[in-house]
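One letter stands for each residue in the lines below.
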Amino acid sequence: MNAVGLYFRYVGVSFRSQMQYRWSTILSTLGVFITLALEFAAIWGLFHRFGTLRGWTLAEVALLYGIVTVGFAMAEGVARGFDMFGNMVRMGDFDRLLLRPRPLALQVAGQELGMHRAGRAIQGAMVLGWAWTSLHLGWQWQLLGLLGLAILGTACLFYGIYILQATYCFWSIQSLEVFSVVTYGASETAQFPMSIYRPWFRRFFTFVMPLAAVTYYPALPLLGRSDGTLRTPTWFGWVSPLIGVAFLLASLWVWRFGVRHYRSTGS
Amino acid sequence: MSAIVVKNLVKTFKVAQRTAGTLGAFAGLFHRRHCTVTALDGISFTIQPGELIGYIGPNGAGKSTTIKILSGILLPDSGQVEVLGLTPWKNRINTVRQLGVVFGQRTQLWWDLPVIESFDLLKDIYNVPPGDYRQRLDELVTLLDLKEFLDVPVRQLSLGQRMRCDIAAALLHGPRILYLDEPTIGLDAVSMLAVRDFIRQLNRQRKLTVILTTHDMDDIEALCQRVLVIHQGHVLSDGSLDELRARFGRERRLIVDLQDEDGVVQDPQATVVRREGRRVTLAFDPAQVPPAALVARVTAAHQVRDLFVENPPIDEIIARIYRSAT
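Positions within a chain are numbered from 1, following the residues in the order the chain's sequence is written. For naming, the first written chain is A and the first written ligand is 1, with later ones following in the order written. pLDDT decides what is reported in this predicted model: residues at 70 or higher carry local features, side-chain atom pairs at 80 or more are listed and counted, and totals for whole chains, interfaces and linings draw on all residues regardless. Excluded from the side-chain calculations are hydrogens and water; all other atoms, namely the structure's heavy atoms, are used.

Novice: Please clarify how the overall build of chain A should be interpreted in this entry.
Specialist: A tally of helices and strands in chain A yields 15 helices and 0 strands. Here the globule rule reads 2.2 Å times residues to the power 0.38, and the radius of gyration is calculated from C-alpha atoms. Against the compact-globule benchmark of 18 Å for 267 residues, chain A has a radius of gyration of 19 Å, which places it among compact chains. With respect to the three principal axes, the spread of C-alpha positions in chain A is 55 × 40 × 35 Å. Three labels apply to residues, based on accessible area from a 1.4 Å probe with only protein chains included: buried if under 20% of the type maximum, exposed if over 50%, partly exposed otherwise in between. Looking at chain A as a whole, 52% of its 267 residues are labelled buried. We call two residues in contact when some of their heavy atoms are within 4.5 Å. For chain A, contacts bridging at least 24 residues in sequence account for 77% of all contacts bridging at least 6. For the charge count, each Lys or Arg is scored as positive and each Asp or Glu as negative, with His and the chain ends excluded. Lysine's charge is taken at NZ, arginine's at CZ, aspartate's at CG and glutamate's at CD. The positive charge centre, built from 20 side chains, and the negative charge centre, built from 10, are 5 Å apart in chain A. The helix and strand labels rest on DSSP assignments: H or I over at least four residues marks a helix, E over at least two residues marks a strand, and numbering proceeds from the N terminus.

This is how it looks when you write it as structure tokens:
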């Protein structure tokens, strides 16, 4: 069985494991969904009271919100093995993966499926659907393609961050809340247009953690807007989501250093 | 070709030293002192195909470090290792295909799934051809008597059942070498005997090379033709159990049940090591006093109900080896 086939075998096993706790999974999914629905209701309330945010309407912000939420949910759902990796190292279970004749990243990725994250994906997709219809974006395949690319780029970017978080566990088993700031904090940041933030903050999310590249910049051509401050060309939004894919590949490269460190020091 | 060759294996670990207390933990955030611990200090040995060897030593002696290096998990500082001709840390994937590893303390099975699903997944992980898999599975199910609980989730198994399943799981891909790390820990008498029987059978009939680490000396006595004792990263002794006895515990025990509740046994060439009610245990060196002579003297001097001669328990010998090394 090849790597892709094996990955789906792992996913199937994780799915069946979690179905042993069916109600727990369903209720967590529902819990995530309700929490996020209330969060969006609060945003709706603010727009209802104040109209627009620096010229952005609720529907436009909802588009950003939808992209980042769906992308983040996808990453969270499939990167759970990396998210929980600290436990694995602490319990010594990583050694078992080293005893199996398969690539390590594949085995970690297949460890666990975060099914209750479906709550986030569903809520994000609903907001996205609403935004798309309110903005009358229609069924142009270029725009749908760009939307798909943005979501994929976002998922890859967040997946990369989970891999970096896991890699950090090779050096220290203390969990670092910094990573929650980066994942959850970033997903909340990207719900709003980058243009409302201060320049240094915007630069951080463009060049260090390229969040703007996968959400804000591809949203500009979708909305027919241009970037007022950084003055990037319009075509940039069409290719910038690929930066998220590059980030994921770079994270995997760093991960290999972590594995090498673990195998020479033990833990 | 030897199954395993280990030459001058050295492995050190850097350990962060922490100062005690909350303040110390805080200070550790900024400045850490490291010290180097030598886990393996130049270990060498060779294992031939089909051998069943006991790899023993006190806690922290370097047993699991050796096993981890032999299976490609850890890289050594220096030294050479060949496992079936491969260097494990350079050839992790090809080496582990040939290895089965059982850790008694933890399972490799998927906790929430029926046993058979774990087996099926392992088949795919190791790419076992369906025909081979079918045949091995049938055989293991029969030999280890797994039939009744193949469909039970692993978390519901008893420890003995789980251990048998874990051993089967380690053998599904047909490894040529098996590492067993405390396979009988915590098992009841019946399961323990079943596990030992099975290991013996694997080794004798299938010529599987087995390395067994354990603290249970009955395991060693029941199974191992050869025992490797390590302590503080050195090989202390390497040989058969009889050789070990000859070197470290030549003495023998004469156990006597007296007729008389408070009889006193004295002999110039034996020492009383234990006294429990009517039972007296005497230690003597068979090279100095022939057992028959001692028995004759004791029975002449006392009213004896029963007596027997035995070797000192292997635990005591091992404990003596450890003590002599420190």
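Novice: Hey, could you run me through the layout of surface pockets in this one?
Specialist: With a probe scaled to a water molecule rolled over the atoms, the places where space remains empty come into view. The calculated volume of the largest pocket comes to roughly 1,100 Å³. As for the largest pocket, its lining consists of 34 residues, of which A:D93, A:Q111, A:E112, B:W110 and B:W111 are closest to the centre. Those elements that provide at least two residues to the lining of the largest pocket are α1 (3–18), α2 (22–50), α4 (80–83), α5 (85–91) and α6 (94–98) of chain A. The element that contributes the greatest number of residues to the lining of the largest pocket is α1(A), accounting for 5 residues. By residue class, the composition of the lining of the largest pocket is 12 nonpolar, 14 polar and 8 charged. Cavity: a set of points on a 1 Å grid over the protein atoms alone where a 1.4 Å probe fits but cannot get out. Pocket: an open set with protein on both sides within 12 Å along at least five of seven lines, its lining residues, like those of a cavity, having an atom within 4 Å of a point. Grid points are joined across faces, edges and corners, and a volume is the space filled by probe spheres set on the points. Here the nonpolar group is Ala, Val, Leu, Ile, Met, Phe, Trp, Tyr, Cys and Pro; Asp, Glu, Lys and Arg are the charged ones; every other residue, Gly included, is treated as polar.

Novice: What is the right way to look at the sheet that holds strand β10 (residues 252–258) of chain B in this model?
Specialist: Sheet strands associate in pairs through backbone hydrogen bonding, adopting either a parallel or an antiparallel arrangement. Residue and element names in this part refer to chain B. Whether two strands pair depends on DSSP finding at least two bridges between them. Spatially, 4 strands are ordered β11-β12-β10-β13 in an open sheet, and the strand pairing comes out antiparallel. Strands with a single pairing partner mark the edges of an open sheet, and in this sheet they are β11 (271–276) and β13 (304–310). The mean angle between the axes of side-by-side strands here comes to 20°, regardless of whether they run parallel or antiparallel. Whenever a helix is involved, its axis is fitted only over the stretch in contact; in every case the axis is a line through C-alpha atoms, and angles between N-to-C directions fall within 0 to 180 degrees.

Novice: What exactly am I supposed to notice about helix α3 (residues 58–78) of chain A here?
Specialist: Because the α-helix completes a turn every 3.6 residues, residues three or four places apart line up on one side. With 21 residues, α3(A) should cover 30 Å at 1.5 Å per step; its first-to-last C-alpha distance of 30 Å lies within 8% of that length. Of all 21 residues that make up α3(A), 19 are buried, and the element is covered over most of its length. Here the expected span of a helix is defined as 1.5 Å times the quantity of residues minus one.

Novice: Sorry if this is basic, but what is going on with the domain arrangement of chain B here?
Specialist: How big an interface is tends to be stated in terms of accessible area lost as the parts join. All names here are of chain B. For every domain, the bounds stem from an assignment made automatically or drawn from a database. In terms of domains, chain B is made up of domain 1 (4–8 + 43–246) and domain 2 (250–325). The straight-line distance from the C-alpha centre of domain 1 to that of domain 2 is 38 Å. With 12 residues of domain 1 in contact, the opposing surface of domain 2 contributes 10 residues. Joining two parts hides part of their accessible area as seen by a 1.4 Å probe, and the buried area is that hidden amount summed over both. For domain 1, the biggest contributors to the area lost against domain 2 are M217, L244 and R245; these three give 49% of the whole. By salt bridge we mean one thing: a side-chain nitrogen of Lys or Arg within 4 Å of a carboxyl oxygen of Asp or Glu. Joining domain 1 to domain 2, the criterion identifies 0 salt bridges. We call two N or O atoms a polar contact when they sit within 3.5 Å, provided that within protein one can donate a hydrogen and the other can accept it, with sequence-adjacent residues counted only if both atoms are side-chain atoms. Connecting domain 1 to domain 2 are 1 residue pair in polar contact (both at pLDDT 80 or more). When residues of the side of domain 1 that touches domain 2 are traced back to their parent elements, those giving at least two are α8 (217–223), β8 (226–231) and α9 (241–248).

Novice: Explanation requested: the sheet that holds strand β6 (residues 177–181) of chain B in the structure shown.
Specialist: Residues and elements named next belong to chain B. Taken in spatial order, the 6 strands make up an open sheet running β5-β6-β7-β3-β8-β9, and their pairing is mixed. Taken across any chain shown, the strands that pair with only one partner, and hence form the sheet edges, are β5 (99–103) and β9 (234–239). Neighbouring strand axes in the sheet, compared pairwise and without regard to direction, differ in orientation by 15° on average. Pairing of strand β3 (residues 52–56) with β8, which is carried by 4 bridges, proceeds in the parallel orientation. Residue I53 lies in a different strand from β8, and its bridge partner there is R226. Lying on the sheet, α9 is in contact with β8 and β9; it crosses β9 at an angle near 115°.

Novice: Whenever I open this one, the environment of B:L254 confuses me. Can you help?
Specialist: Residue and element names in this part refer to chain B. Mapped onto the fold, L254 is located in strand β10. We classify L254 as buried; its relative accessible area is 0%. Discounting residues that sit within four places of it in the chain, L254 has contacts with V280, T281, L282, F284, L294, V295, V298, L307, F308 and V309.

Novice: Explain the interface of chain B and chain A here, please?
Specialist: Taken residue by residue, the interface counts 32 residues in chain B and 28 residues in chain A. Taking both partners together, chain B and chain A bury about 2,900 Å²; carbon and sulfur atoms supply 50% of that area. When the buried surface of chain B facing chain A is broken down by residue, B:I73, B:R92 and B:I125 rank first, second and third, together holding 22% of it. For the interface between chain B and chain A, the tally reads 3 salt bridges. Here the residues of the side of chain B that touches chain A are counted per class, giving 17 nonpolar, 4 polar and 11 charged.

Novice: What exactly am I supposed to notice about the packing of aromatic side chains here?
Specialist: Each aromatic ring pair is specified by the distance between its two centres and by the angle formed by the two planes. Centres within 6.5 Å make a pair out of two Phe, Tyr or Trp rings, where for Trp the six-membered ring is used; the pair is then stacked when the planes are under 30 degrees apart, edge-to-face when over 60, and tilted otherwise. Enumeration according to the criterion identifies 24 aromatic pairs over all chains in this entry. Between A:F94 and A:W255 the ring centres are 6.4 Å apart and the planes differ by 75°, which places this aromatic pair in the edge-to-face class. Taken together, the residues span a long stretch of sequence, with A:F94 in helix α6 and A:W255 in helix α15 (residues 242–265) at a distance of 161 residues. Comparing A:F94 with A:W255 shows no difference in burial state: the two are buried. On the numbers, 6.5 Å between centres and 70° between planes, the contact of A:W235 with A:F236 is edge-to-face. One aromatic cluster in this structure is built from A:F82, A:F85, A:F94, A:Y159, A:F170, A:W255 and A:Y262. Across from the ring centre of A:F50, 5.3 Å away, lies the NZ or CZ of A:R49, which sits over that ring. Over the face of the ring belonging to B:F103 we find B:R106, whose NZ or CZ atom lies 5.7 Å from the ring centre. We call a charge positioned over a ring when the NZ of a Lys or the CZ of an Arg lies within 6 Å of the ring centre and within 35 degrees of the ring normal.

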